[in-house]
Number of protein chains: 2
Amino acid sequence: MRPKAILHALSDPVRAAIFTQISGQGCVEACSDVAVVGDKAIPKSSLSHHIKVLREAGLIRCERHGVEMRNHSRCSEVDQRFPGLIAAILGAYALVRA
Amino acid sequence: MRPKAILHALSDPVRAAIFTQISGQGCVEACSDVAVVGDKAIPKSSLSHHIKVLREAGLIRCERHGVEMRNHSRCSEVDQRFPGLIAAILGAYALVRA
DNA sequence: TCCCATAGTTCGGAATATCGGAACTATTGA
DNA sequence: TCAATAGTTCCGATATTCCGAACTATGGGA
């Protein structure tokens, strides 16, 4: 869980949106067919890649539950290690979107 | 000045170190020959590129003074727009280095 | 004025990363 | 065992990164 990987992961607006969604909803994200993030259609192979990047950055944890994968935010763990980092980043994106 | 560009710029530890150095010293950075950032030697073409990325992200401002270029941190302007962002990022790197 | 030295940028090619369609694997239910 | 759904891996096209070499810009002499 290094800053480099976290920043790289969240420097992509699509991944930031995915992470926001995972953090907000507590979990889940279907890769099947085409998923929609924000208002953009993402092919499942790309989504799978994005989720891998988020996982390897330590931002989310993935568990297989039967046929589907559940993605959980590791927000609190990251925040414990790097206080305020995630809030500042997601806050910055939110400011732009507003 | 978008979060995407800022995060991308600072997701490179070398650029984060350059930015920290510029923020700390107020300015300056010689591209001539080979510069040293942290304890790593950086060819001047790479350094020039890094500085361009920082500039285009809105993190620094560059002024030519005679033959040399002076780089100033735009930290306070960025902080006004995205409160806490830079502090959180540089803080995260500092935690790792410590 | 002309040339040199120094600071920095741009070019170009090799290495590397990204995106997304197609094929593949994994799991469950019938 | 087969079908359906969820997700991963492969691979080719495209874009990015890195860095040496060539180039540009500025100032200071002779």
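Positions within a chain are numbered from 1, following the residues in the order the chain's sequence is written. Whichever chain is written first becomes A and whichever ligand is written first becomes 1, with later ones labelled in order. In keeping with the model being predicted, local features are shown solely for residues with a pLDDT of at least 70 and side-chain atom pairs are shown and tallied solely at 80 or more, while totals for entire chains, interfaces and linings include all residues. The side-chain numbers reported here are obtained from all heavy atoms of the structure, hydrogens and water having been left aside.

Caption draft 1: How the structure looks around the nonpolar core. In terms of nonpolar packing, the biggest core is built from 59 residues, with A:L10, A:L59, A:L85, B:L10, B:L59 and B:L85 touching the most fellow members. Helix and strand assignments come from DSSP, with helices taken as H or I runs of at least 4 residues and strands as E runs of at least 2, each series counted from the N terminus. No other element matches the seven residues that helix α5 (residues 85–97) of chain B contributes to this core. A contact between two residues is defined here by any heavy atoms of the two lying within 4.5 Å. Discounting residues that sit within four places of it in the chain, A:L10 has contacts with A:A16, A:F19, A:L54, A:L59, A:I89, A:Y93 and B:L7. Residues belong to one nonpolar core when they are buried, are Ala, Val, Leu, Ile, Met, Phe, Trp, Tyr or Cys, and are joined through side-chain atoms within 4.5 Å. The buried label goes to any residue with under 20% of its type's maximum accessible area, the exposed label to any with over 50%, and the partly exposed label to all in between, with areas taken from a 1.4 Å probe on protein chains only.

Caption draft 2: Summary view of the relation of the copies chain A and chain B. Each copy superposes on the other: chain A lies on chain B with an RMSD of 0.0 Å after a rotation of 180° and an axial shift of 0.0 Å. The superposition operator between the copies reduces to a two-fold rotation axis. Least squares is used to superpose the copies, and the fit set is the C-alpha atoms of residues whose pLDDT is at least 70 in both copies.

Caption draft 3: Representation of the interface of chain A and chain B within the structure. Taken together, the contacts link 18 residues of chain A with 18 residues of chain B. For any pair of parts, buried area is found by adding up, for both, the accessible area (1.4 Å probe) each one loses once the two are put together. In this assembly, chain A packs against chain B so that about 1,500 Å² is buried in total across both faces, 83% of it on carbon and sulfur atoms. For salt bridges, the criterion is a side-chain nitrogen of Lys or Arg within 4 Å of an Asp or Glu carboxyl oxygen. Viewed at the interface, chain B and chain A are joined by zero salt bridges. Throughout this description, a polar contact denotes any pair of N or O atoms lying within 3.5 Å of each other; where both atoms belong to protein, one of them has to be capable of donating a hydrogen while the other can accept it, and for residues adjacent in sequence the pair is counted only when both atoms sit in side chains. The interface formed by chain A and chain B includes zero residue pairs in polar contact (both at pLDDT 80 or more). Going through the elements one at a time, α1 (3–10) and α5 (85–97) of chain A are the ones with two or more residues in the side of chain A that touches chain B.

Caption draft 4: Quick look at the pattern of salt bridges. Summed over all chains, the structure comprises 10 salt bridges over all chains. Across the pair A:E77 and A:R61 runs a salt bridge, and its minimum N-O distance is 4.0 Å. You can see A:E77 sitting in helix α4 (residues 75–81) and its partner A:R61 sitting in strand β3 (residues 60–65), a full 16 residues away along the chain. A relative accessible area of 32% places A:E77 in the partly exposed class. A relative accessible area of 34% means that A:R61 is categorised as partly exposed. The shortest N-O distance in the salt bridge between B:R74 and B:E77 comes to 3.1 Å.

Caption draft 5: Here's a closer look at the confidence of the model for chain A. Across the chain, each position has a pLDDT score giving the predictor's confidence in that residue, from 0 to 100. Residues of chain A with pLDDT of at least 70 account for 91%, and the chain-wide mean is 89. Here strand β1 (residues 34–37) of chain A stands out as the least confident element of chain A, with mean pLDDT 71; α1(A) is the most confident, with 98.

Caption draft 6: Here's a closer look at the environment of B:A57. All names here are of chain B. Mapped onto the fold, A57 is located in the loop between α3 (44–56) and β3 (60–65). Sequence spacing of A57 and V36 is 21 residues, and the spatial spacing of their C-alpha atoms is 22 Å. In this view, A57 contacts M1, A5, I6 and A9; residues no more than four positions away in its chain are not counted.

Caption draft 7: Broad picture of helix α1 (residues 3–10) of chain B. The element α1(B) is largely enclosed, with a buried count of six among its eight residues. Burial in α1(B) covers these residues: B:P3, B:A5, B:I6, B:L7, B:A9 and B:L10. Buried residues belonging to α1(B) abut α1 and α5 of chain A together with α2 (13–25), α3, α4 (75–81) and α5 of chain B.

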